[in-house]
Amino acid sequence: MLAWTIYISFLGVLVLMLLPKGNASSARKVAMLSAVTGLLVALAGFFQFKAGELVTVAKLPWVPSLGIEYHLAADGISLTLVLLTGLAAVGGILFSWNIEHRAKEFFAFYLALIGGVYGVFLSFDLFLLFVFYEIAIVPKYFIIAIWGSTRKEYGAMKLALYSFIGSAMVLVGLIAAYVVSGARTFNVVELAKYPFPHDFQMWAFPLVFVGFAILAGLWPFHTWAPTGHVAAPTAASMLLAGVVMKLGAYGCLRVAMTIFPQGLENWQLGVLGLHSWRDVIALLSIIGIVYGALVALVQKDFKFVIGYSSVSHMGFVLLGLMTLNTIGLSGAVLQMFSHGIIAGLLFAVVGRMVYERTHTRELSVLEGMNLGKAMPFAAVTFVIAGAASMGLPGFSGFVAELQVLIGAWQTYPTFAVLAGVGIVVGVAYTLRAMQKAFFGESVGPSAPLGAKAAKLAGSEPGAPFATISVPERLGAVMLIGVAVLIGLYPRLLLDVILPSFDSPLFDWLRKGGAP
């Protein structure tokens, strides 16, 4: 049934395009029905899955002359991210319930993006994976360019250019693997068994890994992320941070590390104390963790704080991948899930609850609005989401980051300490944003709308802020519930994720194929 997550999403696109113009209510209902059905299918697949298996969902010849197949399959890693996609899809629609401008087109692009993401996580043919990867990139541009806000054309174009440059790098690596193997197949399992020449892996691995890692926010290729997040509408920000950045990290693990494991081995000659591509990527990950946190600490725009925090948190994912031990790798996958939930919630608060009502994201302006009293639900939601983002016990982020730190301590003790510094700075920027946005000094007892904000909102100066809607409350409760559930009972995911690293796809890990 997992293949139906893809089909339902694209079927929803088709239905939306057949709706008459101006019928925003019907568009929302069709989008929600598609997203909820996809989530239910993902949940059914997740709870029926037997840990440690690689389940073939569909396998049909697609381009037989080239050995290309329509091959969908799932293991614990794929299923975890498919479940994340379903949750993010439903949450994004709930927080987009106010969309009126070209709602039919908005939700059509939205579901097309979701269908592409589902396809990437389920594809076990590299050519098919690449096709879905590109399908997921195109709708992002239009969603941001048409429905975005601050410098939306610039943000959309920058994101698209970075994405396509990374895609070109990946495509070169995949074609090279296809030609060198001589096996006339793009099957992940078959290519993982093929003994590619060591020298070939030494240049193919960084090419493919960095190509995917650009989308995961690897420093210094991260600059698309904050501008893209800020320019995007709330649902797109939630998807960018929630699942699109995970496409990059997933590709790094599923493609680059699985097919070119010897690319992680030591070079014959070290450079500046670095002895392998693994050392280089681990260093860039640490720089991303600390740099993202420090830049978030000095931001004046509320949404930029969350944008740079995503760069910092994704650094933990990439660092976990470079530990090459089971606890670090499983922590990286769990961090993908955790960050997708928590970042989505943070962007929902900033973009939908706060910005749509105050029409400003400047922390200095928000500081005088006393939003803690004016919008108590938004304040409480941000406090909880902030606590989860800081990695407090009881939330999913704590378990994920702890596993990454333990894995890093076993391989890169110094980097583990520096990652800890990043966490401390993360506490600082979260508390700073929380204080300024919600608990600053009030300029008036009832935190009324300012004249400029009132004009933009179509209200009278002095009017109270619009109340938090039911869909927003449902979305917030859902995401908070998931973060707490995984924080209190991480085995729910780890019992599915951990056995996946015992599969033949990761023989290189057990055999020490990479140091």
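To be clear, the structure that these remarks concern was listed above.
Residues numbered from 1 in each chain as written. Predicted model: local features only at pLDDT ≥ 70, side-chain atom pairs only at ≥ 80, totals over all residues. Heavy atoms only, no water.

Participant: Account for a nonpolar patch on the surface, naming residues and giving values.
Facilitator: Together, L11, L14, V15 and L18 make up a nonpolar patch on the protein surface, roughly 390 Å² of accessible area in all. Within the element layout of this structure, L14 appears in helix α1 (residues 3-18). (Patch = residues over 30% accessible without salt bridge, like charges linked within 9 Å, V, L, I, M, F, W, Y side chains within 5 Å. Areas by Shrake-Rupley, 256 points an atom, 1.4 Å probe, with all protein chains shown as cover. Salt bridge = Lys/Arg side-chain N within 4 Å of Asp/Glu carboxyl O. Helix = DSSP H or I, 4+ residues; strand = E, 2+ residues; numbered from the N terminus.)

Participant: Could you give me a rundown of the packing of aromatic side chains, with the residues and numbers involved?
Facilitator: Per the counting criterion, the structure on display carries 23 aromatic pairs. Put simply, the rings of Y194, F196, F200, W203 and F260 touch in pairs and so form one group of aromatic residues. Its guanidinium or amino end placed over the ring of F377, R473 lies 4.7 Å from that ring's centre, counting from NZ or CZ. (Phe/Tyr/Trp six-rings, centres within 6.5 Å; stacked < 30°, edge-to-face > 60°. Lys NZ or Arg CZ within 6 Å of the ring centre and 35° of its normal.)

Participant: Give a description of the nonpolar core that names residues and reports values.
Facilitator: The biggest cluster of nonpolar side chains holds 193 residues, and the ones touching the most others in it are F209, M257, F302, F382 and F438. By residue number, the principal contributor to this core is helix α10 (residues 234-259), which donates 18 residues. (Core = buried A, V, L, I, M, F, W, Y, C linked by side-chain atoms within 4.5 Å. Buried < 20%, exposed > 50% of the residue type's maximum accessible area, 1.4 Å probe, protein only.)

Participant: Describe the pairing of strand β1 (residues 55-63), listing the residues and the values that go with them.
Facilitator: Examined bridge by bridge, β1 and strand β2 (residues 68-74) share seven bridges and lie antiparallel to one another. Bridge assignment links A58 to a residue of β2, and that residue is L72. Count of turn residues in the β1/β2 antiparallel hairpin: four residues, of which G67 carries a positive phi of about 75 degrees. (Pairing = 2+ DSSP bridges.)

Participant: Account for the environment of L334, with residues named and values stated.
Facilitator: On the secondary structure map, L334 appears in helix α13 (residues 326-358). The exposure class of L334 is buried, given its relative accessible area of 0%. Linking L334 and M375, residues 41 residues apart in sequence, is a C-alpha distance of 32 Å. When residues no more than four places from it in sequence are discounted, the contact partners of L334 are V399, A400, Q403, I486, L493, L494 and I497. (Contact = heavy atoms within 4.5 Å.)

Participant: Outline unusual backbone geometry, supporting the account with residue identities and numerical values.
Facilitator: Peptide bonds are, in most cases, trans, and in most cases residues other than glycine have a negative phi. Following W219, the chain continues into P220 via a peptide bond in cis, with omega recorded as 10 degrees. Its location among the elements puts P220 in the loop between α8 (198-213) and α9 (224-231). Here the phi dihedral of L324 falls at roughly 55 degrees; this positive angle occurs in a residue that is not glycine. Looking at the element boundaries, L324 is found in the loop between α12 (302-323) and α13.

Participant: Could you give an account of the side chain of T323, naming the residues involved and the relevant values?
Facilitator: Mapped onto the fold, T323 is located in helix α12. For T323, a relative accessible area of 1% gives the class buried. With residues near it in sequence (within four places) discarded, T323 still touches R278, G328, L329, V404, G407, A408 and T411.

Participant: Pulling in residues and values, what's your account of the pattern of salt bridges?
Facilitator: Opposite charge on two side chains lets them pair, provided their charged atoms get close. Applying the stated criterion to the full structure yields three salt bridges. One salt bridge connects E472 with R352, and the closest N-O pair in it is separated by 3.6 Å. Here the residue E472 occupies a position in helix α20 (residues 470-488), and R352 occupies one in helix α13, the gap between them amounting to 120 residues. R352 carries the same exposure label as E472, and that label is buried. Among the salt bridges present, the one from R491 reaches D495, with a minimum N-O distance of 3.0 Å. Of this pair, R491 and D495 both sit in helix α21 (residues 491-497), four residues apart, roughly one helical turn.

Participant: Any details on helix α17 (residues 396-411)? Residues and values, ideally.
Facilitator: Quick reminder: α-helices carry 3.6 residues per turn. Residues three or four places apart thus point the same way. Under the 1.5 Å per step criterion, the end-to-end length of α17 is 24 Å for 16 residues, consistent within 8% with the ideal 22 Å. All of the buried residues along α17 are S396, G397, V399, A400, E401, Q403, V404, G407 and A408. Elements in contact with the buried residues of α17: α12, α13, α16 (376-390), α18 (413-438), α20 and α21. (Expected span 1.5 Å × (residues − 1).)

Participant: Go over the packing of α10 against α12 with me, naming the residues and quoting the values.
Facilitator: Their axes nearest at 11 Å, the elements α10 and α12 cross at an angle of 20 degrees. Considering their axes alone, α10 and α12 lie roughly parallel with respect to each other. Judged by the sense of rotation from one axis to the other, the crossing of α10 with α12 is right-handed. On the side of α10, the interface is formed by S237, A241, M245, K246, A249, C252, L253 and M257, while α12 contributes K303, S310, M314, V317, L318, L321 and M322. (Axes fitted to C-alpha atoms, helices over the stretch in contact; angles between N-to-C directions. Parallel < 35°, antiparallel > 145°, perpendicular 65-115°, else oblique. Left-handed = near helix turned anticlockwise from the far one by under 90°.)

Participant: Outline helix α11 (residues 277-297), listing residues and values.
Facilitator: Compared with the 30 Å implied by 1.5 Å per residue over 21 residues, the 30 Å span of α11 between its first and last C-alpha is a close match. Within α11, 15 of the 21 residues are buried, leaving the element largely enclosed by the surrounding structure.

Participant: Mind laying out the environment of P471, listing which residues take part and the relevant values?
Facilitator: Within the secondary structure, P471 is located in helix α20. With relative accessibility at 15%, the residue P471 sits in the buried group. Sequence separation of P471 and I175 is 296 residues, and the distance between their C-alpha atoms is 45 Å. When residues no more than four places from it in sequence are discounted, the contact partners of P471 are L94 and W97.

Participant: Quick rundown of the packing of α11 against α12? Include the residues and the values.
Facilitator: Taken N-terminus to C-terminus, the directions of α11 and α12 make an angle of 160 degrees; their axes are 7 Å apart at the nearest point. Relative to α12, the element α11 is oriented roughly antiparallel. When the axes of α11 and α12 are compared, the crossing they make is left-handed. Facing R278, I281, A282, S285, I286, G288, I289, Y291, G292, A293, V295 and A296 of α11, the residues of α12 in contact are V305, Y308, S309, V311, S312, G315, F316, L318, L319, M322 and T323.

Structural measurements only, silent on function.
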